[in-house]
Amino acid sequence: MEVYSVNYSQIKKRINSKNNKFSFKFFIIFLIIIVFIGIFTAIKPLKTKNIKFFYVEINSFLNYKEANKLANSVQEQGGAGYIYYDGKYHVLTSLYLKKEDANKVKENLTKDFPTCKILTLEGNLFQRNYNKFQNEIIMNTINLNQNLIKNLYNLSVEIDINQSLNYTTKFDRIKDEYISKTKDFFKSFKLNKFPTQVESMEEILSSLDEILKWKNFCVLKYELINISICQINFLNSF
């Protein structure tokens, strides 16, 4: 009877060799996973943000002269008289944050201006990959601007319905709390690498300077519309 001797040392070598190869592959895969986790932690997708503004449009023209004539007339009556161009010249009298509020004003104006309608402008910030610092700058800019618009809008509405007897005090609070802060933040924003959006920021700064002069209530309404359109352009530029 033949007896087969088993060479256990050779078998152990082969097993250890396979285990080493497996361990090395596992280690490489593990490293790759760690690297990807690091990348996705550092670079987060920017949240999608949607903003809508509603404007009461008195009329629209293909000719700027006609639009400007109507805009001047609207300003004489206390409206913004803002001209928005998108292939046509739209004469806007006021901005609203809710469509139902814009519709109420439109219904009141339809008797004198049968062409009156609601113009809706929308800004969409789509998801993009930015690092955490850039993400914070963008979202803070949008939120600051929205807070500024809401506060100026509320003041404008109060003036319209003659309930703001202390509007000067309220404006001073907005100036101290929002306008100064927003101007400082936007200046620092310009130092960062968002060249496409700087134009919108510069336009907003210009509007804030005009509001600070506070010539009359038409200026507030006019510049409020301008800031809101800059906000739309800002979102759509990413």
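Residues numbered from 1 in each chain as written. Predicted model: local features only at pLDDT ≥ 70, side-chain atom pairs only at ≥ 80, totals over all residues. Heavy atoms only, no water.

1. Here we look at the packing of aromatic side chains
Aromatic rings considered in pairs are described by the distance between their centres and by the relative angle of their planes.
Then, number 1: Inspection of the entire model under this criterion finds four aromatic pairs.
Then, number 2: When the centroid spacing of 5.5 Å and the interplanar angle of 70° are considered together, the rings of Y64 and Y89 count as edge-to-face. Taken together, the residues span a long stretch of sequence, with Y64 in helix α2 (residues 64–76) and Y89 in strand β4 (residues 89–96) at a distance of 25 residues.
Then, number 3: A centroid spacing of 4.8 Å and a plane angle of 50° characterise the contact between Y82 and Y222, whose relative ring orientation is tilted. (Phe/Tyr/Trp six-rings, centres within 6.5 Å; stacked < 30°, edge-to-face > 60°. Helix = DSSP H or I, 4+ residues; strand = E, 2+ residues; numbered from the N terminus.)

2. Some details on the confidence of the model for the chain
Then, number 1: This prediction gives the chain a mean pLDDT of 78; 73% of its residues lie at or above 70.
Then, number 2: Between residues 1–6, whose pLDDT stays under 50, and residues either more than four places distant or in other chains, the model counts one contact. (pLDDT = per-residue confidence, 0-100. Contact = heavy atoms within 4.5 Å.)

3. Some points on the environment of Y82
Then, number 1: Mapped onto the fold, Y82 is located in strand β3 (residues 82–85).
Then, number 2: Counting along the chain gives 15 residues from Y82 to A67, while the straight-line C-alpha distance between them is 9.5 Å.
Then, number 3: In contact with Y82, not counting residues within four places along its chain, are H90, V91, L92, Y222, I225, N226 and I229.
Then, number 4: At 2.7 Å, the side chain of Y82 and the side chain of N226 are in polar contact. (Polar contact = N/O pair within 3.5 Å; in protein donor to acceptor, adjacent residues only side chain to side chain.)

4. Quick word on the packing of helix α4 (residues 132–160) against helix α7 (residues 217–236)
Between two packed helices, the angle of one axis relative to the other and the distance separating the axes together describe the packing.
Then, number 1: Contact pair α4 / α7: the axes reach a minimum separation of 10 Å and the direction vectors enclose 155°. Taken together, α4 and α7 sit at an angle that is classed as roughly antiparallel. Of the two possible hands of crossing, α4 and α7 adopt the one that is left-handed.
Then, number 2: Counted by class, the contact of α4 with α7 contains 14 nonpolar, six polar and two charged residues. (Axes fitted to C-alpha atoms, helices over the stretch in contact; angles between N-to-C directions. Parallel < 35°, antiparallel > 145°, perpendicular 65-115°, else oblique. Left-handed = near helix turned anticlockwise from the far one by under 90°. Nonpolar A, V, L, I, M, F, W, Y, C, P; charged D, E, K, R; others polar.)

5. A short note on the pattern of salt bridges
Then, number 1: Tallied over the full model, the rule gives two salt bridges.
Then, number 2: With a shortest N-O distance of 3.8 Å, D172 and K175 are connected by a salt bridge. Of this pair, D172 and K175 both sit in helix α5 (residues 167–190), separated by three residues, roughly a single helical turn.
Then, number 3: Residue K175 is classed as partly exposed on the basis of its relative accessible area of 28%. (Salt bridge = Lys/Arg side-chain N within 4 Å of Asp/Glu carboxyl O. Buried < 20%, exposed > 50% of the residue type's maximum accessible area, 1.4 Å probe, protein only.)

6. Section: empty space enclosed by the protein
Then, number 1: By the definition in use, this model includes one cavity of 30 Å³ or more.
Then, number 2: In this structure, the largest cavity spans a volume of roughly 80 Å³.
Then, number 3: Looking at the lining of the largest cavity, the elements with two or more residues in it are β4, α4 and α7.
Then, number 4: Of the residues forming the lining of the largest cavity, the biggest block, four residues, is contributed by α4.
Then, number 5: Residues that form the lining of the largest cavity fall into these classes: six nonpolar, two polar and two charged. (1 Å grid on protein atoms, 1.4 Å probe; cavity = no way out; pocket = protein on both sides within 12 Å on 5 of 7 lines; lining within 4 Å. Points joined across faces, edges and corners; volume = space filled by probe spheres on them.)

7. A few points about the sheet that holds strand β5 (residues 117–125)
Then, number 1: Strand order in the open sheet made by the four strands is β3-β4-β2-β5, with antiparallel pairing throughout. Two strands bound the open sheet, and with one partner strand each, they are β3 and β5. Strand-to-strand, the axes of this sheet are offset by a mean angle of 50°, without reference to chain direction.
Then, number 2: Looking at chain direction, β3 and β4 are connected through four bridges and run antiparallel. Considered in β4, the bridge of Y84 is made with H90. (Pairing = 2+ DSSP bridges.)

8. Describing the layout of surface pockets
Any empty space left between the atoms is revealed when a probe the size of a water molecule rolls over them.
Then, number 1: Reported here for the largest pocket is a volume of approximately 280 Å³.
Then, number 2: As for the largest pocket, its lining consists of 15 residues, and the residues nearest its centre are Q77, G79, T93, V105 and L109.
Then, number 3: Secondary-structure elements contributing two or more residues to the lining of the largest pocket are β4 and α3 (99–109).
Then, number 4: Classifying every residue of the lining of the largest pocket by side-chain character gives six nonpolar, six polar and three charged.

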